[in-house]
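Coordinate inspection notes
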Amino acid sequence: MSTTNPATCFDPSWRLRLESLLSAGSGAGADLVEVFMERTDHLGMLAEQDAITSVSPAFGMGAGIRVFRGERDGFVSTNDLSEAGLLSALDQALGMLGLLRSSHASSGFDGLQDLRDFGLSKADWLERCPPLLDATAKLLEGTARLEKHGDHLQARRGSYARDWQEVLVAASDGTFARDIRLHQSLGLNVLAADGDHRAGMGRRYGSSGRPDELRQWDADASAQEVCSSAASMLYADYVEAGQMPAVLANRFGGVIFHEACGHLLETTQVERGTTPFADKVGEQIAHEAVTAIDEGLSDGSFGSLSMDDEGMEPQRTVLIENGVLKRFLSDRAGELRTGHSRTGSGRRQGHSFAAASRMRNTFIAAGPHSPEQLLASVERGLYCKSMGGGSVGPTGQFNFAVEEGYLIEGGQLTKPVKGATLIGEAKEVMPRISMCANDLELAAGFCGSVSGSIFVTVGQPHIKVDSITVGGR
Amino acid sequence: MNESESIQAPSLRGRLEALAQSNGISRWDLGASCSTDTSVQVDRGEAKQMKGAQRSAITVRVWNGDGLVGITSTSDLSEPGLAKALAGARDASAFGNPDDIPAFSPLATAPLAPLEQPIQEPISILTMLETLKGAEAKLLDSHAAIGTVPYNGLAQRSSERIYLNSDGACRQQKLTTASLYLYARAEETGRKPRSAGAVRLAYGAGSLDIEGCIQEAAERTISHLNYRPIETGHYTCVFSPEAFLDLIGAFSSLFNARAIIDGVSLSNQESVGEQLAVPFLSITDNGLNPGNVGASAFDGEGTPTAALALLEAGVIRNFLHSEATARHFGVNPTGHAGMGAKVSVGADWFEIGPTPGSGGGQQGLNQNQHQSPLVVIDSLSALHAGVKASQGSFSLPFDGWLIKDGEKHSIEAATVAGDIRTLLKSLVGFEGAAKVTPDGLCPQVWAEGLSITGEA
């Protein structure tokens, strides 16, 4: 176990050590060596009823070293940032590819470029976040507002997380970049109970790069939103199962595209042969009403980045335009193995994961209709106001839970229904998204996949799916 | 993990004691872990990725002058790292909850049950690679329709964890484990792709049941090629051991004292003695079962792991406890705690089956000889999204088969929905011997009247 001194920050003094490391890796015969270093400062906080029940700071540091030779790669992570620790990790990664470091070998490595420092203007972000006392007070305000707005509340919970991450990326192609990331997320959850009737409801709010996010949070409006949904669902009947049209609300309704299609447009899936869209660039894969975008640029959005975890600035990537597949999301390994050029989408939870092609802020673009027009076009169907989580399997089959749903009868919303799960296959559902409204909004979320859990945004306007399978009772 | 990477518990205790003393902290405890991992993935005969990791982590709790608790975690075990963690915990203690203060477990120095966990030497990563390539090739050769094994991995880990506290408790456990998973994708011309997989665990990569994993992954994948849509309706269902264990695990808040105190469990403080399920079902949480590869000898508070009857003859007998919840209920801690300012409680490893002497419900159940339509639920997915533990409801996609008129067909796409309390009272009986899985021990479980939605 390492007992070396930690890095106190990733300053220019790291250049020499990293250049030496990259030179050693290149000299051993690696086509490319990449070092990802991070320091983290996390704060988790929980309020239940009217008390703070947990305050949990956590500090971390570590490095991940990835070595490529041909299309193969070896990846080693370590908490030991000492020179010896990094060299040991490099040796292990080289050894995975049958390579051996030699003091006599010449290296084609030309040195690192000038540091692109995206973190320079963010040095004081952590200090600008609310101190512990203010943060606890704000969170308690949230749970108090739940009490004010809710009925039959058996449990009230507010959670807050502040994640600060400093990263430094250096690679033998000269890449040298540093960034500081700041994410804050807030959650409000209630459990309403009246006899045998129960309804759990939650909402998450999140942003990146906004130290004032917690201070400016409208706790009253959030509490009202959560309590109103819980009240609607408390006495709801179970949804009747079957095939039916569905209208999905904006904001977190975007999880349908994220799960049903977004994951299948990552080169990670192309590499595995698990996407039905691998050879469909230029072809119609969705209804012409659908244009879908992934980007890392929207100011303050949860999935926004100054650079990805491979040191590349993010692009605005149009995935589908009027139903036609335009391109895939690609990282360094994805470009190497599939030929799809990088899009600034190489992302990872932290140093113990190798980067993979992952979504950032992903949304369906606004259309020409009003939400009312979408509802009016449905004689009998399901309105999904709030979505829970979901997943997609290796055959493209997806599923996600409806947290708050209502029946649509004669073009109008009628009674609330619970227990619905939407299932389907991307190839079949994408052509059935036939109408998009004009009210695009984004929502914060977390996405778990091969390179860990990352901050993302999902989004869409209200959309109409002509037919989808609704699992219920 | 070589000796230099091992946690030196006496040294760590000494450093913590000195740092605590200089910070005026007299009461503290600590959990630490370190591990080394290697893993490989392959893709159609080629190495896809080879990974290695060295991890260390420490969680330290301190009690301040007012008796309030603060906590901090860090991956930096250097002297400055420990000092920063201790300072962070002391700062956080100002926000400790005076109404729920954790204490040291009264069992933190009690004797531990001996565990039979042979330490195995790691094999080289290149040997792992060749082993996995061989497994992939055999799986690909097992049926013409199997084109890829998109999810696969062979991994081995050497780990160590300790628990120390300022009252002198010192727990330490070393462990080696290995895992293999193979998840194949098959597709026939003009038909939809299908997939299924298998997993195996062992104390070392050299002792994994690789052939068994290949065979199971192949059989399960091939069995889903012949698929049809299922008509929506209510069916008698047979849960595989894995599926039933997943479902019980997702609703384990029924037995979780922390969830009960927090008001988010379907149980309450008076539920012990309540008839929750049919009178022939028993559930025991037993992390010490020899089938539990990777068993922990003690929990996050140093309490020894032990078998605990949760349900006997369908009646709730005990809850899972930490030190704080046990104190609240007036019982002993059960060895199911994490470590935290607010201590979490979690299930360990379930033993599910018929209550001895009960007959186990209907006898001689055999899905292959059943006449009326029967749905076999092989695996459940999306439990994180489709289970509402505090409400009791579930609506989950599954892979499985419909057995009807003596024929067995894979189900194209479907969900199963219900209420856990209704389900537990709708069990019909068990089929076959209990099977050891990564999550527990369970036979096949029959239940009637479950709602199945098909994709037509």
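Residues numbered from 1 in each chain as written. Chains lettered and ligands numbered in written order. Predicted model: local features only at pLDDT ≥ 70, side-chain atom pairs only at ≥ 80, totals over all residues. Heavy atoms only, no water.

1. Re the overall build of chain A
To keep it simple, the criterion reads: Going along the chain from the N terminus, every DSSP run of H or I of four or more residues is numbered as a helix, and every run of E of two or more is numbered as a strand. When we talk radius of gyration, it's over C-alpha atoms, and the globule rule is simply 2.2 Å times the number of residues to the 0.38. When accessible area is computed with a 1.4 Å probe and restricted to protein chains, residues below 20% of their type maximum are described as buried, those above 50% as exposed, and intermediate ones as partly exposed. Should any heavy atoms of two residues lie within 4.5 Å, those residues are considered in contact. For every accessible area listed, the method is Shrake-Rupley and the probe measures 1.4 Å; residues are considered covered only by the protein chains on display. By the counting rule applied here, Lys and Arg register as positive and Asp and Glu as negative, while His and the ends of each chain are not counted. All charge positions are set by atom: Lys at NZ, Arg at CZ, Asp at CG, Glu at CD.
Per the secondary structure count, chain A includes 11 helices and 23 strands. Here chain A has a C-alpha radius of gyration of 24 Å; the compact-globule value for 473 residues is 23 Å, and the two agree. By principal-axis analysis of the C-alpha atoms, chain A measures approximately 80 × 55 × 35 Å. The burial tally for chain A puts 63% of its 473 residues in the buried class. Taking contacts inside chain A between residues at least 6 apart in sequence as the whole, the part at least 24 apart equals 74%. About 16,100 Å² of surface is accessible on chain A, with carbon and sulfur atoms providing 47% of the total. Charge separation in chain A, taken as the distance between the mean sites of 44 positive and 61 negative side-chain charges, equals 1 Å.

2. A short note on the sheet that holds strand E15 (residues 361-364) of chain A
Put simply, the rule reads: When DSSP finds at least two bridges between two strands, those strands are taken to pair.
If you walk across this open sheet you meet the 6 strands as E12-E11-E10-E15-E22-E21 (chain A), and the pairing is mixed. A strand with exactly one partner marks an edge of an open sheet, and here the two such strands are strand E12 (324-325) and strand E21 (441-449) of chain A.

3. Considerations on the confidence of the model for chain B
As a reminder, the rule being used: A residue's pLDDT is the predictor's confidence in that residue, given on a scale from 0 to 100.
The share of residues in chain B with pLDDT of 70 or more is 99%, and the mean pLDDT across the chain is 94. Interface confidence for the predicted complex, expressed as ipTM, amounts to 0.90; the pTM equals 0.93.

4. Quick notes on the nonpolar core
Rule in force here: Nonpolar cores were defined as sets of buried Ala, Val, Leu, Ile, Met, Phe, Trp, Tyr and Cys residues, with membership established by side-chain atoms within 4.5 Å.
If you look at the biggest cluster of nonpolar residues, it comprises 59 residues, and the most contacted ones within it are Leu18(A), Met37(A), Ile65(A), Val67(A), Leu139(B) and Leu182(B). Tallying contributions element by element places helix H3 (residues 125-141) of chain B first for this core, with 7 residues. Not counting residues within four places of it along the chain, the set of residues in contact with Leu139(B) comprises Ile146(B), Val149(B), Leu182(B), Ala184(B), Ile214(B), Ala217(B) and Ala218(B).

5. Quick notes on the pattern of salt bridges
Heads up, the condition is: By salt bridge we mean one thing: a side-chain nitrogen of Lys or Arg within 4 Å of a carboxyl oxygen of Asp or Glu.
The tally for this structure, following the rule as stated, stands at 66 salt bridges over all chains. Note that Asp299(A) is salt-bridged to Arg210(A), the shortest N-O span being 3.9 Å. Of this pair, Asp299(A) sits in the loop between strand E10 (292-295) and strand E11 (316-321) while Arg210(A) sits in the loop between strand E7 (197-208) and helix H5 (213-216); the two residues are 89 residues apart in sequence, bridging distant segments of the chain. Across the pair Asp167(B) and Arg27(B) runs a salt bridge, and its minimum N-O distance is 3.9 Å. With Asp167(B) in the loop between strand E4 (146-165) and strand E5 (170-186) and Arg27(B) in strand E1 (residues 27-43), this pair connects stretches of sequence that are 140 residues apart. Look at Asp167(B) and you get exposed, because its relative accessible area is 57%. Residues joined in a network through salt bridges with shared partners are Glu48(A), Arg157(A), Asp100(B), Arg258(B), Asp262(B) and Lys342(B).

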